[in-house]
Amino acid sequence: MSNSKIPALTDKQYNEMRQTILSYPIEEYARIIGLTPVKKGSRYYSLREADSTMIDTHKNTFYRNSNGVSGSIIDFAIEFDDSCQNKSLNEVFHYLYSFVNGREFVPVEKREVEKKEFKLPKKAKTISHVYAYLLKTRKIEKSVVDKFLREKRLYEDEERNCVFVSYSKDGVAEYANLRGTQTNYRFVGEAEGCNYNRNFLVEGKNADTLVITESVIDQMALMSLLDLSPEEYDKYTFQSLGSANKITSSLTYVEANDNIKKIVIAFDNDDAGHLWSNTLSQALYEKGFPHESVSLLLPPEIDGVKDWNDFLIFTKTEKEQTKQSSLESFANKSKKAQSTRENCEK
């Protein structure tokens, strides 16, 4: 299949096709392509062939702990379906629509889902693992970590996870994102009963600009790169979605907050990030936001840099190497100066 054979789509056709694809249950798709979903409780499935993979049937998303790949059925197809290997994202999109269209299935959004009570994980007596992970592994600025701790947006649970907490307008906790601190085992999750109309938010008091990232780590990395003052923080609201395909949260937030006049979409610099950036931008336009009010901000194209945390680590590593080089140069000059003095004394 080649891109030249794929007909151009109108925005309406594209959005209708996208909605059809995203409505198809991932666990059903997995069965059809030869994988074996294994039920884990009332909500999740893993895969017998890839047991680090967890499929969330409520959100119709997946996360593969072994390599950190996550997302919608589109991302799942790219990861697991041999028919999607070596194809462009556009080709995968059309392949999935052909696969799904005409099949009988219950769309995910029409499933009866038991509403769970929101409950935060139990807090540990320490924050040492959270501090080490965010400061040393993720290279987040200490001022940003301290801001989250001070505002009760972050704590460590009994499993040594980072727990990122978001609050309602009334100050009631309503969303929690979990991130493991062990470098040899990736874990990302969310508390039961979260409010997905807002996801994780850091709202500025006088904000007119909404900055949207995929993960909370990317949000903190971007804050570290921007190095904002307390006054500047008040001009922005930062929202992280958990993954790029949860754009409904951003649309809901914008509709409910007419103070937002500008939007910055800061997703990953990869195929999925490009797809969902353009999808969200178009959806915002259809909601009345002119294109000039929406900016797409991508991490620079540098080897090994996909997201904003990658870029933060890259910039800090460069600075450390430059500093080390300067110290070594200074040390060498000092040795030469000492040698010259000794020769003169002789």
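All values derive from a computational prediction rather than experimental measurement. (Residues numbered from 1 in each chain as written. Predicted model: local features only at pLDDT ≥ 70, side-chain atom pairs only at ≥ 80, totals over all residues. Heavy atoms only, no water.)

Visitor: Lay out the overall build of the chain with the relevant residues and their values.
Guide: When helices and strands are tallied, the chain shows eleven helices and 14 strands. Considering the chain as a whole, with its 346 residues, one finds that 47% of them fall into the buried category. Counting only carbon and sulfur atoms, one obtains 48% of the accessible surface of the chain, whose full area is about 18800 Å². (Helix = DSSP H or I, 4+ residues; strand = E, 2+ residues; numbered from the N terminus. Buried < 20%, exposed > 50% of the residue type's maximum accessible area, 1.4 Å probe, protein only. Areas by Shrake-Rupley, 256 points an atom, 1.4 Å probe, with all protein chains shown as cover.)

Visitor: With reference to specific residues and values, describe the nonpolar core.
Guide: Counting 47 residues, the largest nonpolar core has Tyr29, Ile74, Phe76, Ile263 and Leu284 as its most contacted members. The leading source of residues in this core is helix H4 (residues 89-100), at seven residues. Grouped together as the second largest cluster of nonpolar side chains are 36 residues, Val130, Cys162, Phe164 and Ala221 included. (Core = buried A, V, L, I, M, F, W, Y, C linked by side-chain atoms within 4.5 Å.)

Visitor: So what's going on with the packing of helix H5 (residues 128-137) against helix H6 (residues 142-150)? Which residues, and what values?
Guide: Two numbers describe a pair of packed helices, the interaxial angle and the distance between the axes. Close contact between H5 and H6 brings their axes to 10 Å; oriented N to C, the two are set at 150°. Judged by the angle between their axes, H5 and H6 are roughly antiparallel. In the crossing of H5 with H6, the sense of the turn from one axis to the other is right-handed. On H6, the residues that touch Tyr131, Leu134 and Leu135 of H5 are Lys142, Val145, Asp146 and Leu149. Looking at the contact of H5 with H6 residue by residue, the classes come out as five nonpolar, no polar and two charged. (Axes fitted to C-alpha atoms, helices over the stretch in contact; angles between N-to-C directions. Parallel < 35°, antiparallel > 145°, perpendicular 65-115°, else oblique. Left-handed = near helix turned anticlockwise from the far one by under 90°. Contact = heavy atoms within 4.5 Å. Nonpolar A, V, L, I, M, F, W, Y, C, P; charged D, E, K, R; others polar.)

Visitor: Describe the confidence of the model for the chain, and please don't skip the residues or the numbers.
Guide: Taken residue by residue, the chain gives an average pLDDT of 85. The fraction at 70 or more is 88%. Averaged pLDDT values for the elements of the chain fall to 68 in helix H11 (residues 308-345) and rise to 97 in strand E6 (residues 154-156). Contacts for the low-pLDDT stretch residues 1-5, under 50 throughout, to residues beyond four places or in other chains number six contacts. (pLDDT = per-residue confidence, 0-100.)

Visitor: Explain the packing of helix H3 (residues 73-80) against H4 to me, and be specific about the residues and the numbers.
Guide: Relative to each other, H3 and H4 sit at 105°, their axes nearing to 10 Å. Considering the angle they form, H3 stands roughly perpendicular to H4. Together, Ile73, Ile74, Ala77 and Ile78 of H3 and Leu89, Val92, Phe93 and Leu96 of H4 make up the contact between the two elements. In terms of residue class, the contact of H3 with H4 is made up of eight nonpolar, no polar and no charged.

Visitor: Outline the sheet that holds strand E4 (residues 61-64), listing residues and values.
Guide: Within a sheet, adjacent strands bond to each other through the backbone by hydrogen bonds, running parallel or antiparallel. Judged by pairing direction, the sheet is antiparallel, and its five strands sit side by side in the order E1-E2-E3-E4-E5 without closing on themselves. What marks the edges here is a single partner per strand, and that holds for strand E1 (37-40) and strand E5 (69-71). Each strand of the sheet is rotated relative to its neighbour by a mean of 25°, with strand direction disregarded. Where strand E3 (residues 50-56) lies against E4, four bridges are found, and the strand directions are antiparallel. Following the sheet pairing, Met54 is matched in E4 by Tyr63. Running at roughly 40° to E4, H3 makes contact with strand E2 (44-47), E3, E4 and E5 of the sheet. (Pairing = 2+ DSSP bridges.)

Visitor: Hey, could you go over the environment of Ala124 for me, with residue numbers and the actual values?
Guide: Considering the arrangement of structural elements, one finds Ala124 in the loop between H4 and H5. The sequence separation of Ala124 and Asp157 amounts to 33 residues, and the corresponding C-alpha distance is 4.8 Å. Sequence-distant contacts of Ala124, that is, excluding residues within four places in its chain, are made with Glu156, Asp157 and Glu158.

Visitor: So what's going on with unusual backbone geometry? Which residues, and what values?
Guide: Note: most peptide bonds trans; most residues except glycine with negative phi. One non-glycine residue with positive phi stands out, namely Lys152, at about 60°. Checked against the element boundaries, Lys152 lands in the loop between H6 and E6. You can call Lys152 exposed: its relative accessible area is 60%. One non-glycine residue with positive phi stands out, namely Arg160, at about 70°. Relative to the helices and strands, Arg160 resides in the loop between E6 and strand E7 (161-167).

Visitor: Can you break down the sheet that holds strand E11 (residues 209-213) residue by residue, with the values?
Guide: Taken in spatial order, the five strands line up as E10-E12-E11-E13-E14 in an open sheet, and their pairing is mixed. The sheet is open, and its two borders are formed by strand E10 (200-202) and strand E14 (294-296), each paired with just one other strand. When the angles between neighbouring strand axes are averaged without regard to direction, this sheet yields 20°. Direction of pairing for E11 relative to strand E12 (residues 236-240): parallel, over a ladder of five bridges. Its bridge partner being in E12, Thr209 is matched across the sheet by Tyr236. Across the face of the sheet, helix H9 (residues 248-256) comes into contact with E10, E11, E12 and strand E13 (262-266) while running at roughly 150° to E12.

Visitor: Describe the packing of aromatic side chains, naming the residues involved and giving the relevant values.
Guide: Enumeration over the complete set of coordinates arrives at 16 aromatic pairs. Between Phe76 and Phe80 the ring centres are 4.6 Å apart and the planes differ by 40°, which places this aromatic pair in the tilted class. Remark: Phe80 and Phe76 occur in helix H3; sequence separation between them is four residues, near one turn of the helix. Residue class for Phe76 comes out buried when judged on its relative accessible area of 0%. (Phe/Tyr/Trp six-rings, centres within 6.5 Å; stacked < 30°, edge-to-face > 60°.)

Visitor: Before we move on, can you summarise helix H7 (residues 216-226) with the specific residues and values?
Guide: Of all eleven residues that make up H7, nine are buried, and the element is covered over most of its length. Along H7, the residues classified as buried are Val216, Ile217, Asp218, Gln219, Met220, Ala221, Leu222, Met223 and Ser224. At the N-terminal end of H7, a side-chain oxygen is found 3.5 Å from the backbone nitrogen of Ile217, two or three residues along, and the residue is Ser215. Just past H7, the residue Asp227 takes up positive phi, approximately 50°. (Polar contact = N/O pair within 3.5 Å; in protein donor to acceptor, adjacent residues only side chain to side chain.)

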